[in-house]
Amino acid sequence: MTPHQAADAGAPDAGALDAGAGTGPGVATTRRVLGRLGVRSPLGRDIVLAAVWGVVTLALLGGLLATGELGVAPRGPSSPQITVMVVLAVVQCAPLALRRVRPVAVLLVVAVLQAGLLAVVPSGIALWTAAPVVAAYTVGSLRSTRVAVGAVSYTHLTLPTTDAWRRSGGAPYA
């Protein structure tokens, strides 16, 4: 099996887990700090990344709710709707922990959760977290071009369109 066939099959290639390891500003310091905390593997770093994005997402939603940017009464979100939005947005970050192990599957799960999030937010508001971007970037950096283009195109074009179709009441071009 060639490396591209293995990548297309969903299995990470030999260097995939350290691909994109980076040498930019702060990378060495971050790895040193994480190493002192016992986080030394790419999987461990991805678990920390998922947790950090979860906290950032909570802060973002808290700020949006505090400033009233998620809608104002009576058209604003209800308490159960806010709860579902927060849960979906934070849960969407959890799959990022496996982003280098199964990047295409992670992208699909994140995209489905994003579609659910878009279906729950009040009409006229588009709430996108960082999880779809991180998942799409990972697929693009670890998989062949054919797989990356197919996966990203499907998840970022088809699923949001499905939500728009649902909001329009099923009308094709409302």
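As shown above, the structure is provided for reference.
This write-up is about the structure you can find in this document. (Residues numbered from 1 in each chain as written. Predicted model: local features only at pLDDT ≥ 70, side-chain atom pairs only at ≥ 80, totals over all residues. Heavy atoms only, no water.)

1. Here we look at the pattern of salt bridges
Right, so step 1: Going through the model one piece at a time under the given rule, you end up with two salt bridges.
Right, so step 2: Between Arg99 and Asp46 there is a salt bridge whose closest N-O contact spans 3.1 Å. Here the residue Arg99 occupies a position in the loop between helix H4 (79-91) and helix H5 (103-120), and Asp46 occupies one in helix H3 (residues 42-67), the gap between them amounting to 53 residues. Of the two residues examined, Arg99 and Asp46, each falls in the buried class.
Right, so step 3: With a closest N to O distance of 2.9 Å, Arg100 and Asp46 form a salt bridge. Placement of Arg100 in the loop between H4 and H5 and of Asp46 in helix H3 is noted, with a sequence separation of 54 residues between them. Considered together, Arg100 and Asp46 belong to a single accessibility category, that of buried residues.
Right, so step 4: Linked by salt bridges that have partners in common, Asp46, Arg99 and Arg100 make up one network. (Salt bridge = Lys/Arg side-chain N within 4 Å of Asp/Glu carboxyl O. Helix = DSSP H or I, 4+ residues; strand = E, 2+ residues; numbered from the N terminus. Buried < 20%, exposed > 50% of the residue type's maximum accessible area, 1.4 Å probe, protein only.)

2. Notes on helix H6 (residues 131-142)
Structurally, the α-helix is built with 3.6 residues per turn, so residues lying three or four positions apart point the same way.
Right, so step 1: Taking 1.5 Å of rise per residue, twelve residues should cover 16 Å, and H6 covers 16 Å from first to last C-alpha, within 8% of that figure.
Right, so step 2: Of the residues making up H6, those classed as buried are Ala131, Pro132, Val134, Ala135, Ala136, Thr138, Val139 and Leu142. (Expected span 1.5 Å × (residues − 1).)

Taken by themselves, the reported measurements are silent on function.
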